[in-house]
Amino acid sequence: DAGITQSPRYKITETGRQVTLMCHQTWSHSYMFWYRQDLGHGLRLIYYSAAADITDKGEVPDGYVVSRSKTENFPLTLESATRSQTSVYFCASNLRGSYNEQFFGPGTRLTVL
Amino acid sequence: KNEVEQSPQNLTAQEGEFITINCSYSVGISALHWLQQHPGGGIVSLFMLSSGKKKHGRLIATINIQEKHSSLHITASHPRDSAVYICAPRRGGADGLTFGKGTHLIIQP
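On a predicted model such as this, the values are computed, not experimentally measured, just so you know.

(A) Main features of the interface of chain A and chain B. Taken together, the contacts link 21 residues of chain A with 21 residues of chain B. Together chain A and chain B conceal approximately 1700 Å² of surface at their shared face, both sides included; 61% is due to carbon and sulfur atoms. Where chain A meets chain B, there are zero salt bridges. At the junction of chain A with chain B, the criterion picks out four residue pairs in polar contact (both at pLDDT 80 or more). No other element matches strand S5 (residues 42-51) of chain A, which puts six residues into the side of chain A that touches chain B. Looking at the side of chain A that touches chain B, its residues break down into ten nonpolar, nine polar and two charged.

(B) Spotlight on the nonpolar core. With 23 residues, the main nonpolar core has Ile19(B), Leu32(B), Trp34(B), Leu46(B), Phe47(B), Leu72(B) and Tyr85(B) as its most contacted residues. Elements with a contribution of two residues or more to this core: strand S3 (19-25), strand S4 (31-37), strand S5 (43-49), strand S7 (59-64), strand S8 (69-74), strand S9 (83-90) and strand S10 (103-108) of chain B. Considering each element in turn, this core owes the most residues, four residues, to S3(B). Counting 19 residues, the second-largest nonpolar core is a separate cluster that includes Val66(A), Ala81(A), Tyr89(A) and Val112(A).

(C) Here's a closer look at the side chain of Gln36(B). All names here are of chain B. Structurally, glutamine 36 is set in strand S4. A polar contact is formed between the side chain of glutamine 36 and the side chain of tyrosine 85, at a distance of 3.1 Å. Not counting residues within four places of it along the chain, the set of residues in contact with glutamine 36 comprises Gly42, Ile43, Val44, Leu46, Ala83, Val84 and Tyr85.

(D) Spatial organisation of the pairing of S4(B). All names here are of chain B. Burial analysis of S4 places seven of its seven residues in the buried class, which makes it a mostly covered element. By the alternation rule, side chains of S4 split into Ala31, His33, Leu35 and Gln37 and Leu32, Trp34 and Gln36, which are all buried. Two strands pair when backbone bridges link them, and S4 and S9 are joined in this way by seven bridges, in the antiparallel orientation. Across the sheet, residue histidine 33 finds its bridge partner in S9, namely alanine 88. Summarising the sheet, S4 and S5 pair through six bridges and their orientation is antiparallel. Its bridge partner being in S5, glutamine 36 is matched across the sheet by valine 44. Here S4 hands over to S5 after five residues, with glycine 40 in that stretch at a positive phi of 70 degrees.

(E) Spotlight on the sheet that holds S4(B). All names here are of chain B. Here we have five strands laid out as an open sheet, ordered S2-S10-S9-S4-S5, and mixed in their pairing. Strands at the two margins of the open sheet, each flanked by one partner only, are strand S2 (10-14) and S5. Taking the axes of each pair of neighbouring strands and ignoring which way they run, one obtains an average angle of 25 degrees across the sheet.

(F) Summary view of the packing of aromatic side chains. Per the stated rule, a full pass over the model turns up five aromatic pairs over all chains. Residues Phe33(A) and Tyr35(A) carry aromatic rings whose centres are separated by 6.1 Å and whose planes lie at 20 degrees to one another, so their mutual orientation is stacked. Judged on exposure class, the residue Phe33(A) and its partner Tyr35(A) are both buried. Pairing Tyr35(A) with Phe99(B) gives two aromatic rings, centres 5.1 Å apart and planes at 85 degrees, and the pair type is edge-to-face. Highlighted residues: Tyr35(A) in strand S4 (residues 31-38) and Phe99(B) in the loop between S9 and S10, drawn from two different chains. Judged by relative accessible area, Tyr35(A) falls into the buried class, the value being 0%. Taken together, the ring pairs connect Phe33(A), Tyr35(A), Phe104(A) and Phe99(B) into an aromatic cluster.

Definitions and limits used
Residues numbered from 1 in each chain as written. Chains lettered and ligands numbered in written order. Predicted model: local features only at pLDDT ≥ 70, side-chain atom pairs only at ≥ 80, totals over all residues. Heavy atoms only, no water. Contact = heavy atoms within 4.5 Å. Buried area = accessible area lost by both parts, 1.4 Å probe. Salt bridge = Lys/Arg side-chain N within 4 Å of Asp/Glu carboxyl O. Polar contact = N/O pair within 3.5 Å; in protein donor to acceptor, adjacent residues only side chain to side chain. Helix = DSSP H or I, 4+ residues; strand = E, 2+ residues; numbered from the N terminus. Nonpolar A, V, L, I, M, F, W, Y, C, P; charged D, E, K, R; others polar. Core = buried A, V, L, I, M, F, W, Y, C linked by side-chain atoms within 4.5 Å. Buried < 20%, exposed > 50% of the residue type's maximum accessible area, 1.4 Å probe, protein only. Pairing = 2+ DSSP bridges. Axes fitted to C-alpha atoms, helices over the stretch in contact; angles between N-to-C directions. Phe/Tyr/Trp six-rings, centres within 6.5 Å; stacked < 30°, edge-to-face > 60°.

Have a look at this one:
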């Protein structure tokens, strides 16, 4: 399917477990992003990537790890999940450059018990 | 202080009314996005602006870069316009978006 997809769409895990959220886009967009959305905080940037093998921290990177070995994939890993990481996670992408529309994935709702 | 301020936070209006949502930001930006999110739904980009004005159907977005202000207008509002509208400035390069807290809009029939 063309577009940007995320998996899983829903995930329940326990404190201390490792969790990986997947993001895949078919447009060969250079730029990719991970955001989290929480009541009271709105959307916040976790990590971003300008190209394969180039990643950088956003506003709230603590507790998360990313990698980007291929242009189309940008997985987000919670190394040891905490309750405060319960959130809805959105992946996004756009063509290289800041004057391009950003496209969002459908989101992953993660609950950490 | 939040870098992005949106107003109003909540707005309830009658079908057919003209709607205005305002966004002010405090940092220099390269572009500004307006996003729409329906309850429990995904995020859709409505506009990306770097200057002036854009129109798409009943939606109009304007930006004044010098005054660091943008507005989103909805003409002839309809219940299907009920959603959260989010202002999201972007500084530049590969930087991600920063976000306002959103405006929760309800259009009553």
